[in-house]
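# Survey of secondary and tertiary structure
What follows is the residue order along each chain.
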Amino acid sequence: QVQVVESGGGLVQAGGSVRLSCVASGSAGDILLMGWYRQAPGKQREWVAIINTRGVTDYTDSVKGRFTISRENRRNTVTLQMNSLKPEDTAVYYCAAAPPGVQLSRGTWGQGTQVTVSS
């Protein structure tokens with residue numbers, strides 16, 4: 001069974017940076033996809049970024065050019081470097097991990113970490 005744990009987050013001023021980290025442990029040897037989602041107050045959860053074992057990445061349009069996802073396959077860790085943060089980036093950020101054949105949204109999720117961007 002895979003467990004996913006996030007770390008990082010906190011309070012930052014607009015224009016600042018935050019780095020989130022996530023580690024997948026347990027039976028994590030078959031993880032193909034890792035990524036991040038977020039849920040802002042009163043809004044639905046949305047996908048933010050994704051990366052596979054080959055380092056191929058994709059981002060939602062609103063964070064392109066500001067966020068960078070990276071991964072260390074051997075340790076099943078993924079990071080999300082968030083720069084030029086905006087108040088609308090305020091949300092609980094969730095890490096997710098999925099094995100081959102499983103969509104990231106249906107994989108294993110962490111408990112989430114709060115990121116608050118003040119204006």
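Residues numbered from 1 in each chain as written. Predicted model: local features only at pLDDT ≥ 70, side-chain atom pairs only at ≥ 80, totals over all residues. Heavy atoms only, no water.

Now for the state of the cysteines. Evaluation of the coordinates by the stated rule reveals one disulfide. Between the sulfur atoms of Cys22 and its disulfide mate Cys95 the distance is 2.0 Å. On the S-S bond that ties Cys22 to Cys95, the torsion sits near -80°, and the link is left-handed. Note that Cys22 is positioned in strand E3 (residues 18–26) and Cys95 in strand E9 (residues 91–98), a separation of 73 residues in sequence. For Cys22, a relative accessible area of 3% gives the class buried. We classify Cys95 as buried; its relative accessible area is 0%. (Disulfide = S-S within 2.5 Å. Helix = DSSP H or I, 4+ residues; strand = E, 2+ residues; numbered from the N terminus. Buried < 20%, exposed > 50% of the residue type's maximum accessible area, 1.4 Å probe, protein only.)

Here we come to the pattern of salt bridges. Scanning the model with the defined rule gives five salt bridges in all. Between Arg38 and Asp89 there is a salt bridge, with its nearest N and O atoms 3.0 Å apart. Separated by 51 residues along the polypeptide, Arg38 in strand E4 (residues 33–39) and Asp89 in the loop between strand E8 (77–82) and E9 bring together distant segments of the chain. No difference in accessibility class separates Arg38 from Asp89, as the two residues are buried. For Glu72, the salt bridge identified is with Arg75, shortest N-O distance 3.4 Å. One salt-bridge network, held together by shared partners, links Arg38, Glu46, Arg66 and Asp89. (Salt bridge = Lys/Arg side-chain N within 4 Å of Asp/Glu carboxyl O.)

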